[in-house]
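Residue-level structure breakdown
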Amino acid sequence: MTTRLTDIIEPSVFTQYVIQRTMEKSALVESGIVQNDAQFDELASLPGTLVNMPFWNDLAGDESQVMKDEGNITVGKITAGQDLARKHGRANAWGANGLSAYLSGSDPMQAIGELVAGYWARDMQKTLLATLSGVFKSSSMSGKVHDITGESGEDGVISMSTFLDATQLMGDAKDELSGVMMHSAVETELRKQDLIEYIPQSEQGRPIPFFGGKRVIVDDAMAYDTSTGEAEMYIFGQGAIALGNGSHPNIVPTEVDRNKQSYSGEEVLVNRRIFILHPRGVAWQEPTGGVADVFPTNSEIDVGARWNRVYEPKAVRIVKFRFNTVPQTTETTE
């Protein structure tokens with residue numbers, strides 16, 4: 001008897017399994033840069049495509065009032081702000097032939113889950129990078145960018161000294177920064193400088209790289225110019241990105257279908273996701289008329305006009321660092 005996908009997959013169980021495995025396989029989630037909690041799961045599951053998230057601003061005033069023997073204290077107030085997140089809706093499907101080699105294993109459920117979860121982990125990272133690209137194109141985030149690409153010589157090159165200058169954009173909140181995302185060529189350059197430290201990981205046995213005490217996430221989708229050596233990295237604090245895994249009774253997250261008219265028979269696994277992946281403190285600006293479809297594409301979120309910082313700068317736990325990996329020379333004319 002042939003084992004079918006329908007024999008292996010119980011949709012409701014499989015959905016939760018894939019979500020959990022996706023988060024486990026994401027270095028961003030594992031490092032704490034992306035944080036998921038029940039509140040954001042609930043927000044992602046509410047009707048509509050926009051999520052309002054009001055917040056209280058910090059108490060204003062540089063100095064407390066001097067106590068006097070008469071009169072009344074001047075009463076201040078607390079003000080509120082509004083953060084706004086955009087929901088994402090994504091889907092994909094895979095034919096059984098692509099999974100056939102894995103279905104012969106001792107645990108086919110795990111084999112399928114590994115493939116699908118790995119795909120969604122990579123896809124989530126692509127969406128995050130498109131989000132950050134758009135966020136840092138916003139003029140409201142100009143104070144969160146440390147750019148030394150125009151400097152000559154060693155002043156424009158990434159080093160521990162210039163990296164610390166970048167973290168200083170967070171002021172006295174710089175110790176909250178805990179992770180960096182960079183291109184593999186940048187990670188290689190830092191290894192050559194002996195600036196990457198590896199911490200053993202007891203469970204998997206694979207050491208975790210750290211730079212300047214921050215966990216390193218390597219992604220070749222990060223900006224790196226092979227001809228000039230210019231590059232970028234993002235420096236994150238814990239919980240800089242909020243993740244919510246949503247659901248809706250009318251959107252089936254996992255389905256299995258079979259095309260009986262196919263010569264050999266074709267089985268299809270369908271996965272759908274509704275989620276929030278939001279940089280805390282940078283509000284989404286819905287364009288007039290909305291986006292092209294119900295949910296935005298990565299290209300549509302990679303637009304500076306779609307984002308506006310609403311937290312005070314130090315409360316936004318992301319810094320962008322632009323630098324050279326090789327010294328730049330300044331040409332002079334006689």
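Sequence order as written defines residue numbering, which begins from 1 separately in each chain. Per-residue local features of the predicted model are confined to residues with pLDDT of at least 70, and side-chain atom pairs are confined, for both listing and counting, to 80 or more; whole-chain, interface and lining totals are unaffected and use all residues. Note: side-chain values were computed over all heavy atoms of the structure, leaving out hydrogens and water.

Bringing the overall build of the chain into the picture now. For helices the rule is a DSSP run of H or I covering at least 4 residues; for strands it is a run of E covering at least 2, with both sets numbered from the N terminus onward. Each helix and strand in the chain was counted, giving nine helices and 15 strands. Over its C-alpha atoms, taken along the principal directions, the chain stretches across nearly 85 × 65 × 45 Å. Burial classification: accessible surface area is computed with a 1.4 Å probe over protein chains only, and a residue below 20% of its type maximum counts as buried, one above 50% as exposed, and the rest as partly exposed. Residues classed as buried in the chain amount to 43% of the 334 residues present. Any two residues whose heavy atoms approach within 4.5 Å are treated as being in contact. Looking at the chain alone, contacts between residues at least 24 apart form 80% of all its contacts between residues at least 6 apart. Put simply, the chain shows about 18,400 Å² of open surface, and 48% of that area lies on carbon and sulfur atoms. Between the centroid of the 29 positive side chains of the chain and the centroid of its 45 negative side chains there is a distance of 5 Å. Where accessible areas are quoted, they stem from the Shrake-Rupley method and a 1.4 Å probe; at the residue level, only the protein chains shown are allowed to cover. Think of it this way: Lys and Arg go in the positive column, Asp and Glu in the negative one, and His and the chain ends go nowhere. Charge coordinates come from a single atom per side chain, which is NZ of Lys, CZ of Arg, CG of Asp or CD of Glu.

Turning our eyes to something else, we now look at the side chain of Ser31. Examined against the element boundaries, Ser31 turns out to sit in the loop between helix H3 (27-30) and strand S1 (34-36). N or O atoms within 3.5 Å of each other form a polar contact, as long as, within protein, one can give a hydrogen and the other can take it, and as long as residues adjacent in sequence are counted only when both atoms are side-chain atoms. In terms of polar contacts, Ser31 uses its side chain to reach the backbone carbonyl oxygen of Leu28, at 3.0 Å. In contact with Ser31, other than residues within four places in its own chain, are Arg215, Ile217 and Gln238.

Candidates for patches are residues over 30% relative accessible area with no salt bridge; among them, like charges are joined within 9 Å and nonpolar side chains (Val, Leu, Ile, Met, Phe, Trp, Tyr) within 5 Å. Between Lys or Arg on one side and Asp or Glu on the other, a salt bridge is scored when a side-chain nitrogen of the former is within 4 Å of a carboxyl oxygen of the latter. A surface patch of nonpolar side chains, about 380 Å² in accessible area, is lined by Trp56, Leu59 and Ile78. With respect to the secondary-structure elements, Ile78 resides in the loop between strand S2 (50-56) and strand S3 (80-95).

This part is about the side chain of Asn245. In this structure, Asn245 sits in strand S10 (residues 241-246). Looking at Asn245, its side chain comes within polar contact range of the side chain of Arg273, at 2.8 Å. Apart from the residues within four sequence positions on either side, Asn245 is in contact with Ile19, Met23, Asn36, Asp41, Ala44, Ser45, Arg273, Ile274 and Phe275.

Enumeration according to the criterion identifies twelve salt bridges in this entry. One salt bridge connects Glu24 with Arg21, and the closest N-O pair in it is separated by 2.3 Å. Of this pair, Glu24 and Arg21 both sit in helix H2 (residues 11-25), three residues apart, which is roughly one turn of that helix. Here Asp147 makes a salt bridge to Arg322, at a shortest N to O gap of 2.7 Å. A residue pair is termed long-range when its members are at least 10 positions apart, and Asp147 in strand S4 (residues 145-147) and Arg322 in strand S15 (residues 318-324) qualify at 175 residues.

All we've got here are geometric facts, nothing functional implied.
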